[in-house]
Amino acid sequence: MSDLSAVTPERIAETEKLIRPFIRHTPVMRVNLKDFGAKARSVDLKLELLQHSGSFKVRGAFASLLSRELPDAGVVAASGGNHGAAVAYAARERGVPAHIFVPSVSSQAKIDLIRSYGADLVVGGDRYADALAASERFAAESGALPIHAYDQPETLIGQGTLGKEIEEDLPEMTTLLVAVGGGGLIGGIASWLRGRVKIVAVESDGAPTLYEAFKAGKPVDAPAGGIAADSLAPKQVGQLMFPVAKQFVEPPVLVSDQDILDAQKALWSGARLVAEPGGAAAFAALLSGKYVPAPDERVCVLVCGSNTTAVKFA
């Protein structure tokens, strides 16, 4: 399905009520960019990195597990890490088996987290596309229910609940910066906001999936590398999200690995927030000056993932 009919504000609102008992309403932190070494400016950070399983992905996972019929074989997902952790967590909470396939680029933090939730984990292949192919073979053989990381209506609807939550938290917001990998998050959020807020896509220049899709006018294969490859590097953006992005999302801003690393360090030193590379990418656009808001913009940055071993406790 490639139109907007499957992912509506009405379905997002219904799903929000359905998953609310299972997810956290994550906080907003108002900060001044001067605390991070940049020019003084008030900005809101939506701290979705504090969500169950360490990222927004659990919203889409619960949307699937609570709205679809679950077979005895359980559920199966391919993931760079965060979606797998979310599905594993949601499956544990619902008492169903989870089978998760991740590529070798997945971080050890994410692999350990998935295992901690009791999922059957398979690590193999170099990139997300390899894990996806393996998960599809497993689904065909076992009868397990596939839960796609980004290109499935339930996933987008679940992630759209975050857009609803942010808008309710920050009714004065005019601009929202969102990191993009496969596009499920920004597609869901844009399906809720539908032009009421300027949505700025931010991508790693090592995995410019939406950037290349905008250039080509359709999802196309893009490089899949860079520091955030375990969360922002599928081959293509989703078919479902692209029509939504064309209508409601600004052309993507590209940030470098160094920009992302600087943003991670700044979030830690300036706010004691531990963000993974993909989780810090949107903030990197602001901190690096790759996105410069107008003086009257009320900016919110979505800090969306925290699954990293960057901080180690003795």
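What you see is a predicted model, and the numbers here were worked out from it, not measured in a lab.

Turning next to the overall build of the protein. Looking only at helices and strands, the protein has 12 helices and 10 strands in total. Since a compact globule built from 314 residues should have a radius of gyration of about 20 Å, the 18 Å found for the protein is in line with a globular shape. Dimensions along the principal axes, computed over C-alpha positions, put the protein at roughly 55 × 50 × 40 Å. Within the protein, the fraction of its 314 residues that count as buried is 59%. Summarising the internal contacts of the protein: among those between residues at least 6 apart in sequence, 71% fall at separations of at least 24. Per element, the accessible surface of the protein, about 12,100 Å² overall, is 51% carbon and sulfur. Charge-centre separation for the protein: the mean point of 31 positive side chains lies 4 Å from the mean point of 35 negative side chains.

With that settled, the discussion passes to the layout of surface pockets. Estimated volume of the largest pocket: approximately 240 Å³. Residue lining of the largest pocket: Leu-33, Ala-38, Lys-39, Ala-40, Arg-41, Leu-286, Leu-287, Gly-289, Tyr-291, Val-292 and Pro-293, and that is the complete set. Its residues placed into classes, the lining of the largest pocket shows eight nonpolar, one polar and two charged.

So, how was this worked out
- Residues numbered from 1 in each chain as written.
- Predicted model: local features only at pLDDT ≥ 70, side-chain atom pairs only at ≥ 80, totals over all residues.
- Heavy atoms only, no water.
- Helix = DSSP H or I, 4+ residues; strand = E, 2+ residues; numbered from the N terminus.
- Rg over C-alpha atoms; globule rule 2.2 N^0.38 Å.
- Buried < 20%, exposed > 50% of the residue type's maximum accessible area, 1.4 Å probe, protein only.
- Contact = heavy atoms within 4.5 Å.
- Areas by Shrake-Rupley, 256 points an atom, 1.4 Å probe, with all protein chains shown as cover.
- Lys, Arg positive; Asp, Glu negative; His and termini not counted.
- Charge placed at Lys NZ, Arg CZ, Asp CG, Glu CD.
- 1 Å grid on protein atoms, 1.4 Å probe; cavity = no way out; pocket = protein on both sides within 12 Å on 5 of 7 lines; lining within 4 Å.
- Points joined across faces, edges and corners; volume = space filled by probe spheres on them.
- Nonpolar A, V, L, I, M, F, W, Y, C, P; charged D, E, K, R; others polar.

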